[in-house]
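The chain contents come next:
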Amino acid sequence: MLSAQNICQALLNKSLIESVQAEEILKKKEILKSRLEKQRNRKNASGDRNINPVSIVDVIASLNLKCPGTDHRVIDEELIFQALAEEWKIPFKKIDPLKLDLNLVTTTIPRSFAMKHLVLPIGIKDGYLTVATPNPFNVEVMEDIARASQLKVRVLSLIHISEPTRLRRI
């Protein structure tokens, strides 16, 4: 579901990009991804640890495309994740780092696991652990979390954590 083709199709369905833009994204995605990885590596050399790979969402957001028509919003990560969540009928939540329960975040899932799989526990209610992630289709990870936490897992998907606070810094 998180392939470049599927994401471009979802953005087309939501009229956030035009078919010409989708074709360009698909044609140039590897070159653009490579450039972003080089930029990240330069930042990493200065001590910023980033173990998360560059995704197609990062690539599309880096293009600073504007929505077609009269909207003219810049297509950023948040807008992409909102569109994907709507398209796939999965809840979306913009995470406010100041409102996170840090005790829950730091004690429910080991930090290394959370960083590797980009999962963020954000609440427990009625025997369910709500987990936010940009990859809600990773069933194996959700099963691992359920087993380790001994709670049922509810995926609150497609999180957007505003810059400069990112999951890896929590």
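Check the entry above for the structure.
Cut-offs used in this document
- Counting restarts for each chain: residues are numbered from 1 in the order of the written sequence.
- The model is predicted, so local features are restricted to residues of pLDDT at least 70 and side-chain atom pairs to those at 80 or more, both for listing and for counting; the totals for chains, interfaces and linings are taken over all residues.
- To get the side-chain values, take all heavy atoms of the structure and skip hydrogens and water.
- Elements are defined by DSSP. Helices are runs of H or I of four residues or more, strands are runs of E of two residues or more, and each kind is numbered from the N terminus.
- Exposure categories follow from relative accessible area, calculated using a 1.4 Å probe and restricted to protein chains: below 20% of the type maximum is buried, above 50% is exposed, and the middle band is partly exposed.
- Whether two residues touch is decided by their heavy atoms; if any such pair falls within 4.5 Å, the residues are in contact.
- Areas reported as accessible are Shrake-Rupley estimates using a 1.4 Å probe. Residue values count occlusion only from the protein chains shown.
- Put simply, buried Ala, Val, Leu, Ile, Met, Phe, Trp, Tyr and Cys residues joined by side-chain atoms within 4.5 Å make one nonpolar core.

A. Spotlight on the overall build of the protein chain. A count of helices and strands for the protein chain gives seven helices and five strands. Each helix (α) and strand (β) of the protein chain, taken in turn from the N terminus, gives the series α-α-α-α-β-α-α-β-β-α-β-β. The buried share among the 170 residues of the protein chain stands at 38%. For the protein chain, long-range pairs separated by at least 24 residues make up 58% of all intrachain contacts whose partners lie at least 6 apart in sequence. Surface exposure of the protein chain reaches about 10000 Å², of which carbon and sulfur atoms provide 51%.

B. Inspection of the environment of Leu26 at higher detail. Here Leu26 is to be found in helix H2 (residues 19–45). Taking the C-alpha atoms as reference points, Leu26 and Ile56, separated by 30 residues in sequence, lie 9.5 Å from one another. Setting aside chain neighbours within four positions, we find Leu26 in contact with Ala4, Gln5 and Cys8.

C. Region of interest: the environment of Ile109. For Ile109, the position within the fold is in the loop between helix H5 (102–108) and helix H6 (111–117). On the basis of relative accessible area, Ile109 is assigned to the buried category, the value being 4%. Sequence spacing of Ile109 and Leu120 is eleven residues, and the spatial spacing of their C-alpha atoms is 8.0 Å. Apart from residues no more than four positions distant in its own chain, Ile109 is found in contact with Ala114, Val119, Pro121 and Ile145.

D. Focus on the nonpolar core. Formed by 27 residues in total, the largest nonpolar core has its most connected members in Ile7, Leu11, Ile17, Ile60, Ile75, Ile80 and Leu84. Secondary-structure elements contributing two or more residues to this core are helix H1 (4–13), H2, helix H3 (56–62) and helix H4 (77–87). Residues contacting Ile80, with those up to four places away along its chain left out, are Ile7, Leu11, Val57, Ile60, Ala61 and Ile75. Grouped together as the second largest cluster of nonpolar side chains are nine residues, Leu104, Val119, Val141 and Ile145 included.

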